[in-house]
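Next come the chains, spelled out residue by residue.
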Amino acid sequence: MQVAAGRSFFECVADRADTIVPNLQWVFIKADGSAIKSPEACELLVLAGESYTSHFVDTALRIPAVRWAHTEDAGTDGRFYDAMRACGVTVTHSPGTNAREVAEFVFGQVLWLAKRFDTFREQQRAHQWNLLGLDALSDKTLLVIGLGAIGQHVANFAKAFGMQVLGIRRSPGPVTNVDRQGTLADLPYFLSAADFVILVVPLTQETNGLIGKNELALMKQTATLINVARGAVVDLQALREALQNGQIRQACLDVLPTEPWPAKNDLWDEPNLFITPHNAWASPLYLPRVAELWLENLQRYVQGEELLHRIR
């Protein structure tokens, strides 16, 4: 049995994988899509680690023998998944493996904005000693749109800071540390009540353009929008107009419709917009967690059992 993957993933799993499938053969695909040995006979494919690039995907999509592909992703949108589904390949992904770290990133932004660390840094560089008015969190309301693994961690952090927590979820089951919960039908009411709006939904037909002109108009003028979901969930033109017109206070985008975002696009220069390069997931714990999940599924695969987190 042959596996196409990046070297860093191999280094995480090689010894334990060999106990499950003795003499498992590895074909390394680099970040630029090149491979010393042809991967065309690989039955298994892993999209994770340093080889998680568009060039790797280009090479992966040309492998005719793949029967099972696993990715480090939580979301399952994009051309890789579309192509694998079209070919009838079994695909599994890794929801929750970076959930806590993404939630930490969100709360880093919440604290950075509430406590005005950017202004303090500017004052330090200018050798200025000026007291600033700062926000408290315990009298604020945070809305989490998408109560999956990431959203639940965000809710837990918010409640630890004494915040009122609202949540939007498709299914009706209650979520710990969410004070009031609803569905997308309740979004207008929830938006008008929130000081921080956190987007952590998957990209679907229902969530594409979810936050547009009408939704932004419902938000408080003092509100902050933070998107760690997918870029297409937010109408960027509507967001830009809302920021320029003072409809909302500020926004933080870790995801954009095109990535990397073009360097010459003037969205970078919006004064009340903070852009980060789809980096919230990053953690030294991420790849080992993906590896553990893959090893469990490798055991299931060779035994003919149902795989965890299979995409239907």
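See the structure shown above.
Attention in this report is confined to the structure presented alongside it. (Residues numbered from 1 in each chain as written. Predicted model: local features only at pLDDT ≥ 70, side-chain atom pairs only at ≥ 80, totals over all residues. Heavy atoms only, no water.)

This structure, assessed with the given rule, holds 13 aromatic pairs. When the centroid spacing of 5.0 Å and the interplanar angle of 70° are considered together, the rings of phenylalanine 10 and phenylalanine 28 count as edge-to-face. Highlighted residues: phenylalanine 10 in helix H1 (residues 7–20) and phenylalanine 28 in strand E2 (residues 25–28), separated in sequence by 18 residues. The exposure class of phenylalanine 10 is partly exposed, given its relative accessible area of 21%. For phenylalanine 28, a relative accessible area of 23% corresponds to the partly exposed category. In textbook terms, an aromatic cluster arises when at least three aromatic residues are bridged by ring pairs, as seen for Phe9, Phe10, Trp26, Phe28, Trp68, Trp294 and Tyr301. Cation over ring: arginine 7 sits above phenylalanine 28, and NZ or CZ is 4.1 Å from the ring centre. (Phe/Tyr/Trp six-rings, centres within 6.5 Å; stacked < 30°, edge-to-face > 60°. Helix = DSSP H or I, 4+ residues; strand = E, 2+ residues; numbered from the N terminus. Buried < 20%, exposed > 50% of the residue type's maximum accessible area, 1.4 Å probe, protein only. Lys NZ or Arg CZ within 6 Å of the ring centre and 35° of its normal.)

So, on to the sheet that holds strand E10 (residues 224–227). The strand order E8-E7-E6-E9-E10-E11-E12 describes an open sheet built from 7 strands, whose pairing is parallel. The open sheet has two free edges, formed respectively by strand E8 (180–182) and strand E12 (273–275), since each of these has just one partner strand. In this sheet, adjacent strand axes meet at a mean angle of 15° when their direction is disregarded. Pairing geometry for strand E6 (residues 141–145) and strand E7 (residues 164–168), over 5 bridges, is parallel. Following the sheet pairing, leucine 143 is matched in E7 by leucine 166. Packed on one face of the sheet, helix H4 (residues 99–114) meets E6, strand E9 (196–199), E10, strand E11 (250–253) and E12 and runs near 155° to E10. Sheet strands touched by helix H6 (residues 149–160): E6, E7 and E9. Its angle to E6, the strand with the most contacts, is close to 170°. (Pairing = 2+ DSSP bridges. Axes fitted to C-alpha atoms, helices over the stretch in contact; angles between N-to-C directions. Contact = heavy atoms within 4.5 Å.)

This part covers the sheet that holds strand E1 (residues 2–5). As summarised here, the arrangement of the 5 strands in space is E2-E1-E3-E4-E5, forming an open sheet in which the pairing is parallel. Edge positions in the open sheet fall to E2 and strand E5 (90–92), since each of these has one partner strand only. Neighbour-to-neighbour, the strand axes of the sheet open up by a mean angle of 20°, direction not taken into account. Where E1 lies against E2, 4 bridges are found, and the strand directions are parallel. Directly across from alanine 5, in E2, lies its bridge partner phenylalanine 28. The sheet contacts of H1 involve E1, E2 and strand E3 (44–47), and relative to E2 the element is tilted by about 175°. Across the sheet, helix H3 (residues 79–86) is in contact with E3, strand E4 (68–71) and E5; its angle to E4 comes to roughly 165°.

None of this, on its own, says anything about what the molecule does.
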